[in-house]
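Residue-level structure breakdown
Given next are the chains, with one letter for each unit.
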Amino acid sequence: MKGHTVMACYVYDFTAGGRDMADLLGGKGTNLAEMTRMGLPVPPGFTVTTEACRAFLSNGSEPDGLVREISEHLTALEKAAGRRLGQPDDPLLLSVRSGARFSMPGMMETILDIGLNDESVLGLAKSSGNERFAWDSYRRLVQMFGGTVMGVDSALFETVMARLRETRGAADDLGLDAVDLAELVEAYKELIRQETGEYFPQSPAEQLRRAVLAVFESWNGERARLYRRREHIPDDLGTAVNVQTMVYGNLGTDSGSGVAFTRDPATGRPGLYGDYLSNAQGEDVVAGIRNTAALDELGRLNPEAFARLRDHMRTLETHYRDLCDIEFTIERGRLWMLQTRVGKRTAEAAFAIAAALTDEELITPDEALARLSGDGLARLMFPRFDTSAVGDALAHGIPASPGAAAGAAVFDSAEAVRRAAAGEKVVLVRQETTPDDLPGMIAAQAVLTSRGGKTSHAAVVARGMGKVCVCGAEEISVDPQGRRFSAGGSTVEEGTVISVDGSEGAVYPGAVPLVDSAVMRYFEAGLETGAERSADTGEGSAGVVDAVARALRHADGVRRLGVRANADTPEDAARARRFGAEGIGLCRTEHMFLGDRRQLVEAMILARDDAERERTLDALLPLQRQDFVGILEAMDGLPVTIRLLDPPLHEFLPDRTELAVRVAVAEAHGTPPSAHDAELLRAVNRMHEENPMLGLRGVRLGLVAPGLVAMQVRAIAEAVVERKRAGGDPRAEIMVPLIDTVEELRLVREEVEQVMAEVSRATGVPVECPVGTMIELPRAALTAGRIAEEAEFFSFGTNDLTQTTWGFSRDDVEAAFFSAYLDKGIFKVSPFETVDRDGVGRLVEIAVAEGRAARPGLKIGVCGEHGGDPDSVHFFHGAGLDYVSCSPFRVPVARLEAGRAALPGTQTSDSR
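In this text the structure is predicted, and so the values were computed from the model without any measurement.

1. Some details on a nonpolar patch on the surface
Among the surface-exposed residues, Leu696, Leu703, Val704 and Leu747 lie close enough to one another that they form a single nonpolar patch of about 340 Å² accessible area. Note on placement: Leu696 falls in the loop between α26 (675-687) and α27 (699-704). When its relative accessible area of 37% is taken as the criterion, Leu696 is described as partly exposed.

2. Observations concerning the sheet that holds strand β21 (residues 497-501)
Pairing is mixed in the open sheet, where 8 strands are placed in the order β12-β22-β21-β14-β15-β16-β17-β13. The open sheet has two edge strands, β12 (395-396) and β13 (398-401), and neither has a second partner. Seen against the sheet, helix α18 (residues 457-465) touches β13, β16 (446-449) and β17 (468-471) and runs at an angle of roughly 165 degrees to β17.

3. A closer look at the packing of aromatic side chains
Here the structure, examined in full by the defined rule, presents 23 aromatic pairs. On the numbers, 5.7 Å between centres and 75 degrees between planes, the contact of Phe579 with Phe889 is edge-to-face. One end of the pair, Phe579, is in the loop between α22 (570-578) and β25 (584-588); the other, Phe889, is in the loop between β31 (883-886) and α37 (891-901), with 310 residues separating them in the sequence. Overall, the relative accessible area of 0% leaves Phe579 in the buried class. Given the relative accessible area of 38%, Phe889 is considered partly exposed. Geometrically, the ring pair formed by Phe808 and Phe818 is edge-to-face, given 5.4 Å between the ring centres and 65 degrees between the ring planes. One end of the pair, Phe808, is in the loop between α32 (798-806) and α33 (810-816); the other, Phe818, is in helix α34 (residues 818-823), and 10 residues separate them in sequence. Phe808 gets classed as buried once you look at its relative accessible area, which sits at 9%. Each member of the aromatic cluster is reached from another via a ring pair, and the members are Trp806, Phe808, Phe817, Phe818, Tyr821, Phe827 and Phe832. Here Arg564 stacks its cationic end above the ring of Tyr883, 3.9 Å away from the centre of that ring. The ring of Phe793 has Lys859 sitting right over it, with the charged end atom 5.8 Å from the ring centre.

4. Structural notes on helix α12 (residues 303-320)
Given 3.6 residues to a turn, an α-helix orients residues that are three or four positions apart in the same direction. Its 18 residues place the ends of α12 26 Å apart at the C-alpha level, agreeing with the 26 Å of an ideal helix rising 1.5 Å per residue. Three or more residues of α12 are buried, namely Ala305, Phe306, Leu309, His312, Met313, Leu316, Glu317 and Tyr320. The buried side chains of α12 occupy one side of the element, clustering within an arc of 135 degrees when seen end-on. Facing away from the buried surface of α12 by more than 90 degrees, the exposed residues are Pro303 and Glu304.

5. Structural notes on the pairing of β16
The alternating pattern of β16 places Ala446 and Leu448 on one face and Val447 and Thr449 on the opposite face, and all of these are buried. With 4 bridges joining them, strand β15 (residues 426-430) and β16 adopt parallel strand pairing. Following the sheet pairing, Val427 is matched in β16 by Ala446. The parallel pair β15 and β16 is bridged by helix α17 (residues 438-443), and the resulting crossover is right-handed. Here 3 bridges tie β16 to β17, and the two strands are oriented parallel to one another. Considered in β17, the bridge of Leu448 is made with Val470.

6. Points about unusual backbone geometry
A negative phi angle is the norm for most residues apart from glycine, just as the trans form is the norm for most peptide bonds. Phi is positive for Glu361, which is not a glycine, with a value near 60 degrees. As for its position among the elements, Glu361 is in the loop between α13 (347-359) and α14 (365-370). Accessibility expressed as a relative area gives 71% for Glu361, which makes it exposed. Of note, the phi angle at Leu738 is positive, near 60 degrees, even though the residue is not glycine. Following the sequence through the fold, Leu738 ends up in the loop between β27 (731-736) and α29 (742-763).

7. What to know about the side chain of Asn242
Among the structural elements, Asn242 can be located in strand β5 (residues 239-245). Residue Asn242 is classed as buried on the basis of its relative accessible area, which comes to 2%. Within the structure, the side chain of Asn242 is placed 2.8 Å from the side chain of Thr47, a separation counted as a polar contact. The contacts of Asn242, once residues within four sequence positions are left out, are Phe14, Lys28, Gly29, Leu32, Phe46, Thr47, Ser95, Val96, Arg97, Ser98 and Gly99.

What counts and how
- Residues numbered from 1 in each chain as written.
- Predicted model: local features only at pLDDT ≥ 70, side-chain atom pairs only at ≥ 80, totals over all residues.
- Heavy atoms only, no water.
- Patch = residues over 30% accessible without salt bridge, like charges linked within 9 Å, V, L, I, M, F, W, Y side chains within 5 Å.
- Areas by Shrake-Rupley, 256 points an atom, 1.4 Å probe, with all protein chains shown as cover.
- Salt bridge = Lys/Arg side-chain N within 4 Å of Asp/Glu carboxyl O.
- Helix = DSSP H or I, 4+ residues; strand = E, 2+ residues; numbered from the N terminus.
- Buried < 20%, exposed > 50% of the residue type's maximum accessible area, 1.4 Å probe, protein only.
- Pairing = 2+ DSSP bridges.
- Contact = heavy atoms within 4.5 Å.
- Axes fitted to C-alpha atoms, helices over the stretch in contact; angles between N-to-C directions.
- Phe/Tyr/Trp six-rings, centres within 6.5 Å; stacked < 30°, edge-to-face > 60°.
- Lys NZ or Arg CZ within 6 Å of the ring centre and 35° of its normal.
- Expected span 1.5 Å × (residues − 1).
- Arc of directions from axis to C-beta.
- Right-handed = clockwise from strand over helix to strand, strands pointing away.
- Polar contact = N/O pair within 3.5 Å; in protein donor to acceptor, adjacent residues only side chain to side chain.

Here you go:
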């Protein structure tokens, strides 16, 4: 009907949602709805959508209709419960929790016990028959609401609590009785009045409204933005808000709360894992303020509830076909399921679980591959501690997130950030972490806490970030004010280096030596013998090695992209081949001119005439030839793309300033400088460029430096001949760098073909090496159709292409302003880390399309370090490249991601 406007629906009951609504209801809301539909015992409630959040953040006020919809759903909730929100004699109480599309544990806000006030707390005490419980619930609300909604520093509440505990001689909050907690509530309310000028709101409706808006606003909180930036979660998604009937784990010893995993999130081993706290609310478990008991303890305390929980966990894992992370509460013996989600896990667990679920036929091999990530594989290749080289541990705790890291002990987030920014490696040591510690956790190499378990904030966040973490090291007594910790008679002051083993849960003094991980040893052994070695890897890690091998075999079977390596020596080439490289995509010849050969290069540059220059080139020729022989032998039968000399010649000469100082000092002392130094200085001054990156280098150097291209090509051709005569199968390819125009390539190609023909005639061995070019300048990308007339292959040099597209000098800008650009959201990620799809990526797509239009079947690859970046590999797959090339150590990562890129709808990260 004309003029009719369809109103948005901003609120959904848990009975109305489903798994396909995660963008609208967020991950938590979707899963609550799914569990409700499955008939699991979920406290009733409703979800306010991400759309409402986005509208609020955009307009600064609630969207039209939101207040009415919340009121309607609240009325339905009250009717079903037979109680009203904040009802004086028997109040209905609510929790208000965030729930974004992607899990962001602890990064946004939660407020519990909405509806309590000075009147209804008395009704709750009477209806529950537990006065202490009522006042404990009220103090939690005042503390959470005051900090989250009204902006009072949470540390001030902790100070008030600590002062009361000290006065009463209580070790923790369980030592405070109802009278103490009532006094604490009044102290909290007075604190809020002093800090804000406002009174704590007594209206339940106002509490609910302000709590929902505070959760919306927490989407743009500092820690949430920092977490999104690290995890590459878009800023424009917004969060949903889940409003749920409260159930209580703090009603006595027959009540409690816990967090459970259907498999071990650190190792992937099957079984029930988790933490349980009797007479506690859920945030007590996650916060780590009290050390938890293992989940098995629930089986002893309440076998019936434990059996039901175990059944529900099996149901959920089968339904979601993945590791599930579950939060639950037992209220006076009755089990309630508060949340489930696909659980965050370590890299080791990710590979182990994917293999196990495939064996159990819950998922297909393609689905298993899609759930893995190259970043996770890279973490499994990190070194581990050589425990045979250490003495006794300082302490032991719970191995919450595996790996090995050493650094200076620091005791607060700000100090961790400060020291890390100065280049120092640090370990963040806390009694327990809070979401406010996120900057320090990101800056630290490892996290160590004296409290908490595998489901505490520190453990969950560290696992998600791939950080080493040991939690619940009870032998450690942390003194944040004194900036030290003590353990077993030893005291560790701030700045002292310690080592944290997240795989074994151990903490050692000093920096423990490192050894290769089991996965790295598997690759170093060579893929064809890796299965034999995996049984002898130590660390009890044959399982994860086997899981990695299986994943890579499947990735190799489904991927379209080839994977090559950037390698400049026979040793690097051999390692790349062991790691699964299918050739060399970039062999840099400039590295062959360093070391003992620098004097020959200097002589070539200083040559006074053609004859002198030819003599030095003749001296370099056999050295270059042997370099190429070794590399071609290591890669026998596979392509080796050799880039002709790229950097400017002055890079092979001594530093200009150093030479000038040497000459000036000699003159100041009245002695003439050495003739060699003076000659070098004249050459350096003659070749000096204000911007050498855009100066005489690459193809330009080859065209103006007589004999240089011919020498290199002759060395390549003669190496091919030597390998053929030895019975090998050399497949050298010659790549011309920094092409701007097809005319440059045509001239160099004519010289290359002439030299190859000369070598063929002289040796009687035919030499035919394809000649191609790097596409690393915008003009080359935009004229790729013409360049393809002369090029037999393209390889994108995305490092220089990024610099010249953005107008950046990488060495200058990364230190100058990249951190500011990341903070301001101009960059989501550095364009040197992940390819810039809109700019550089567009040039790549143009060059691919125009190059292949001019030369159908044109072989195209990429040889910048973007070739080993997981997100970039997916882009290059979509752009139609034939291969990526990266450092040897990134080859397994590129293989895995190339396989994942071939699967429909696969994201590049498993961290979400």
